[in-house]
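Spelled out from the first residue to the last, the chains are:
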Amino acid sequence: MTIYIMLTVDLNRGVSDDARQKFYAYLAKEQWNRLKLTTTFWAKFSENSTPDGAIGATRKDVRNAAVSAGISYYEAAAEIGSSAPTVWNQSS
């Protein structure tokens, strides 16, 4: 069975451009494909929702958010799953 992971990483807290490029290069070497996304959200839909309905609602919400912010171009990715995403951070 194939498994896909959607990963988003926020590198905005004082990370240098050099460190950012090294981070991206390492993940690329490990076969990660970078999306042009800097923000990731999740939402819970009711149990009687269908996958197509949830994606349709998601597309509508993103379009409406873009319109309300005056944004004319964006890229988005959505993955349907049966549980909330796992979220963690690391500070050393």
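Residues numbered from 1 in each chain as written. Predicted model: local features only at pLDDT ≥ 70, side-chain atom pairs only at ≥ 80, totals over all residues. Heavy atoms only, no water.

Asker: Residues and numbers for the overall build of the protein chain, please.
Answerer: A count of helices and strands for the protein chain gives 2 helices and 0 strands. Its C-alpha atoms give the protein chain a radius of gyration of 16 Å, more than 25% over the compact-globule value 12 Å for 92 residues. Its C-alpha atoms put the protein chain at 45 × 40 × 25 Å along the principal axes. By residue count, 4% of the 92 residues in the protein chain fall in the buried class. Taking the intrachain contacts of the protein chain between residues at least 6 apart in sequence as the baseline, contacts between residues at least 24 apart amount to 52%. Within the structure as shown, the protein chain displays about 8,900 Å² of accessible surface, and the carbon and sulfur contribution to it stands at 52%. With 10 positive and 9 negative side-chain charges, the protein chain shows a spacing of 3 Å between the two charge centroids. (Helix = DSSP H or I, 4+ residues; strand = E, 2+ residues; numbered from the N terminus. Rg over C-alpha atoms; globule rule 2.2 N^0.38 Å. Buried < 20%, exposed > 50% of the residue type's maximum accessible area, 1.4 Å probe, protein only. Contact = heavy atoms within 4.5 Å. Areas by Shrake-Rupley, 256 points an atom, 1.4 Å probe, with all protein chains shown as cover. Lys, Arg positive; Asp, Glu negative; His and termini not counted. Charge placed at Lys NZ, Arg CZ, Asp CG, Glu CD.)

Asker: If you had to explain the environment of R34 to someone new, which residues and values would you point to?
Answerer: Note that R34 resides in the loop between α1 (17-29) and α2 (51-69). A relative accessible area of 60% places R34 in the exposed class. The sequence separation of R34 and L7 amounts to 27 residues, and the corresponding C-alpha distance is 9.0 Å. Separated by 3.3 Å, the side chains of R34 and Y24 make a polar contact. (Polar contact = N/O pair within 3.5 Å; in protein donor to acceptor, adjacent residues only side chain to side chain.)

Asker: Could you give me a rundown of the pattern of salt bridges, with the residues and numbers involved?
Answerer: Tallying each qualifying case throughout the model produces 2 salt bridges. For K22, the salt bridge goes to D18, with nearest N and O atoms at 3.2 Å. Residue K22 and its partner D18 are both found in helix α1; the two are separated by 4 residues, about one turn of the helix. Taking relative accessible area as the criterion, K22 reaches 56% and is therefore assigned exposed. (Salt bridge = Lys/Arg side-chain N within 4 Å of Asp/Glu carboxyl O.)

Asker: Can you explain the packing of aromatic side chains? Please cite residues and give values.
Answerer: With the rule as written, the count across this model stands at 1 aromatic pair. Between F23 and Y24, the ring centres sit 6.4 Å apart and the planes meet at 70°, which makes this aromatic pair edge-to-face. Positioned over the ring face of Y24 is R34, at 3.9 Å from the centre of the ring. (Phe/Tyr/Trp six-rings, centres within 6.5 Å; stacked < 30°, edge-to-face > 60°. Lys NZ or Arg CZ within 6 Å of the ring centre and 35° of its normal.)

Asker: I'd like to hear about the layout of surface pockets, residue by residue, with values.
Answerer: The space that makes up the second largest pocket amounts to roughly 730 Å³. Lining the second largest pocket are 25 residues, and of these L7, T8, N33, R34 and L35 sit closest to its centre. Partitioning the lining of the second largest pocket into residue classes produces 14 nonpolar, 6 polar and 5 charged. (1 Å grid on protein atoms, 1.4 Å probe; cavity = no way out; pocket = protein on both sides within 12 Å on 5 of 7 lines; lining within 4 Å. Points joined across faces, edges and corners; volume = space filled by probe spheres on them. Nonpolar A, V, L, I, M, F, W, Y, C, P; charged D, E, K, R; others polar.)

Asker: Lay out a nonpolar patch on the surface with the relevant residues and their values.
Answerer: A cluster of nonpolar side chains, contributed by I3, I5, L7, V9, F23, W32 and W88, occupies part of the molecular surface with about 740 Å² of accessible area. Positionally, I5 belongs in the segment before α1. (Patch = residues over 30% accessible without salt bridge, like charges linked within 9 Å, V, L, I, M, F, W, Y side chains within 5 Å.)

Treat this as a map of the structure, not an account of what it does.
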